[in-house]
Amino acid sequence: MQTRDSDTTRYRSRSRSLRLLPALLLAGALALTGCSAGDGDSGAGSDKAAGPGTEEAGSGAAGFDRGAASQADGAKGSGGGRASAAPGPVVHVVHTASLTVRVKDVPKSLAAARTAVEDAGGVVGEETTDRDSEGHERSRVVLRVPAAEYEEVLAELEGSGRLVDRKASAEDVTEQVVDVESRITSQRASVARIRELMDRASKLSDVVTLEGELSTRQADLESLLARQASLKDRTSLATITLSLSETPVKQAQEDDEPGFADALGGGWDAFATMFRWIALAVGAVLPFLVGAALLLFLWMRFLRGRTSRGGVAGSAPEGD
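All of these numbers come straight from a predicted model, not from anything done at the bench. (Residues numbered from 1 in each chain as written. Predicted model: local features only at pLDDT ≥ 70, side-chain atom pairs only at ≥ 80, totals over all residues. Heavy atoms only, no water.)

Q: An account of the overall build of the protein chain is requested, with residue identities and associated values reported.
A: Counting secondary structure elements, the protein chain contains 8 helices and 5 strands. Across the 320 residues of the protein chain, 16% fall into the buried class. Partitioning the intrachain contacts of the protein chain with sequence separation of at least 6 by distance along the chain shows that 78% fall at a separation of at least 24. When the accessible area of the protein chain is evaluated, it comes to approximately 23,600 Å², of which 59% is carbon and sulfur surface. (Helix = DSSP H or I, 4+ residues; strand = E, 2+ residues; numbered from the N terminus. Buried < 20%, exposed > 50% of the residue type's maximum accessible area, 1.4 Å probe, protein only. Contact = heavy atoms within 4.5 Å. Areas by Shrake-Rupley, 256 points an atom, 1.4 Å probe, with all protein chains shown as cover.)

Q: An account of the pairing of strand S5 (residues 237-246) is needed here, citing residue identities and associated values.
A: Of all 10 residues in S5, 7 are buried, a share of seventy percent or more. In the sheet, strand S1 (residues 93-103) pairs with S5 via 8 bridges, with the strands oriented parallel. The partner of Val 103 across the bridge, within S5, is Glu 246. The pairing of strand S3 (residues 137-146) with S5 spans 9 bridges and is antiparallel. Within S5, the position partnered with Arg 144 by the bridge is Thr 239. (Pairing = 2+ DSSP bridges.)

Q: Residues and numbers for the confidence of the model for the protein chain, please.
A: Fine structural detail should not be taken from predicted coordinates in areas where pLDDT scores are low. Across the protein chain, pLDDT averages 74, with 64% of residues at or above 70. Counted against residues more than four places away or in other chains, residues 1-8, with its pLDDT under 50, gives 0 contacts. Here residues 249-254 scores under 50 on pLDDT; set against residues more than four positions off or in separate chains, the count is 4 contacts. (pLDDT = per-residue confidence, 0-100.)

Q: Residue-level account of the side chain of Thr 174, with values.
A: Among the secondary structure elements, Thr 174 is positioned in helix H5 (residues 174-200). Of the residues examined, Thr 174 reaches a relative accessible area of 17% and is grouped as buried. A distance of 2.6 Å separates the side chain of Thr 174 from the side chain of Asp 172, its partner in a polar contact. Apart from the residues within four sequence positions on either side, Thr 174 is in contact with Val 90, Val 91 and His 92. (Polar contact = N/O pair within 3.5 Å; in protein donor to acceptor, adjacent residues only side chain to side chain.)

Q: Can you tell me about helix H6 (residues 204-236), naming the residues and giving the values?
A: Its 33 residues give H6 an end-to-end C-alpha distance of 47 Å, which sits within 8% of 48 Å, the value for a rise of 1.5 Å per residue. Check the buried side of H6 and you find it contacts S1, H5 and S5. (Expected span 1.5 Å × (residues − 1).)

Q: Residues and numbers for a negative patch on the surface, please.
A: On the surface, a cluster of negative charge is made up of Glu 118, Asp 119, Glu 152 and Glu 156. Those elements that place two or more of their residues in the negative patch are helix H3 (106-119) and helix H4 (150-158). Among the structural elements, Glu 156 can be located in helix H4. (Patch = residues over 30% accessible without salt bridge, like charges linked within 9 Å, V, L, I, M, F, W, Y side chains within 5 Å. Salt bridge = Lys/Arg side-chain N within 4 Å of Asp/Glu carboxyl O. Lys, Arg positive; Asp, Glu negative; His and termini not counted. Charge placed at Lys NZ, Arg CZ, Asp CG, Glu CD.)

Q: Residues and numbers for the pattern of salt bridges, please.
A: Going through the model one piece at a time under the given rule, you end up with 8 salt bridges. Two residues, Arg 114 and Glu 127, come together in a salt bridge whose shortest N-O distance is 2.8 Å. Remark: Glu 127 occurs in strand S2 (residues 123-131) and Arg 114 occurs in helix H3; sequence separation between them is 13 residues. Residue class for Arg 114 comes out partly exposed when judged on its relative accessible area of 28%. Assessed through its relative accessible area of 36%, Glu 127 is described here as partly exposed. Measuring nitrogen to oxygen at the nearest pair gives 3.4 Å for the salt bridge that ties Asp 130 to Arg 138.

Q: Got a sec to walk through a nonpolar patch on the surface? Specific residues and values, please.
A: A surface patch of nonpolar side chains, amounting to about 680 Å² of accessible area, comprises Trp 268, Phe 271, Met 274, Phe 275, Ile 278 and Val 282. In this fold, Met 274 is placed in helix H8 (residues 260-319). The partly exposed category is assigned to Met 274, whose relative accessible area is 47%.

Q: Can you break down the side chain of Thr 241 residue by residue, with the values?
A: One can find Thr 241 in strand S5. Residue class for Thr 241 comes out buried when judged on its relative accessible area of 15%.

Q: With reference to specific residues and values, describe the sheet that holds S1.
A: In space, the 5 strands of this open sheet follow the order S2-S3-S5-S1-S4, with mixed pairing throughout. Strands at the two margins of the open sheet, each flanked by one partner only, are S2 and strand S4 (162-172). Strand-to-strand, the axes of this sheet are offset by a mean angle of 10°, without reference to chain direction. Taken together, the 10 bridges between S1 and S4 define a ladder with antiparallel strand orientation. Each bridged residue has a counterpart across the sheet, and for His 95 the counterpart in S4 is Ala 170. Strands S1, S3, S4 and S5 of the sheet are contacted by H6, whose axis makes an angle of about 55° with S5. (Axes fitted to C-alpha atoms, helices over the stretch in contact; angles between N-to-C directions.)

Q: So what about the nonpolar core? Which residues, and what values?
A: Leu 99, Leu 143, Val 153, Leu 157, Ile 240, Leu 242 and Leu 244 are the most contacted members of the largest nonpolar core, which has 20 residues in total. Among all residues touching Val 153, those that are not within four sequence positions of it are Ala 116, Val 117, Ala 120, Val 145 and Ile 240. One finds Val 180, Leu 214, Leu 224 and Leu 231 within the second-largest nonpolar core, a separate group that totals 12 residues. (Core = buried A, V, L, I, M, F, W, Y, C linked by side-chain atoms within 4.5 Å.)

Q: Help me get a handle on the environment of Glu 158, residues and values and all.
A: Among the secondary structure elements, Glu 158 is positioned in helix H4. Residues Glu 158 and Arg 102 lie 56 residues apart in sequence; the distance between their C-alpha atoms is 9.9 Å. Non-local contacts of Glu 158, meaning those with residues more than four positions away in its chain, are made with Leu 99, Leu 163 and Arg 166. A polar contact of 2.2 Å, which involves the side chain of Glu 158, links it to the side chain of Arg 166.

Next comes the structure, spelled out in structure tokens:
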């Protein structure tokens, strides 16, 4: 009986403790929640107390960060600007072109070509105008055009009439330009050194020697400067040689479709050409023929005289 009562008591105590456990857990959770709230309020109060100084320090740090970032961006921008503004290698090219264009009116087309070149900032050089055997006018003019406007002016001149022939070339003279510039720099430095030595020279023989060397180096420098000027002129201004010819439209159509008259005219031209060559050959051989005939005539007279003399000498004894 006692054992059963003790077991019942233990069971009851355990059931009570199990019932009290959720209450204890709930009380502990509430206590922890209150502590955390108190800590949060104290933290908020401390933040509010230290608010002005902290905000100023934070704003200063933020300003410094923004300034550093702007400086970094500026450095990047300046670096990018320098990289984009860095000039690439300069290429020096000499452009030359030759055009032959058939037009209806040579003076009018020539005036239009002059206008196009002058509008582009170029100049008109040598000009030659004449007429062919049929009375058609022909003109040949040399045009100097800035290299930047070369392609545009060339296309405009090609479209002024019927293009017969076109030749264009581009020569890269970058190495020559760089070499001449380098040699000019060295030559100028050399001339300056010779002049310094002349200022320090005290002997007449030294002065004479240095003067001869100075004149030689100055001549070389002037030659290099002239070559540099020529290269600059050729690279800055392109040269276009324009030839304009005038041919009637009817004749051009007949040339495209030859007929009986064209064949007859061609045969007559061939016959006249052959007759002219025969006449030239006869004229060239005629002096030799006259000389040969004269020699043959003299030779025959000589032989005839000898024959007559032989006959007289043979008949003399019979008469005696």
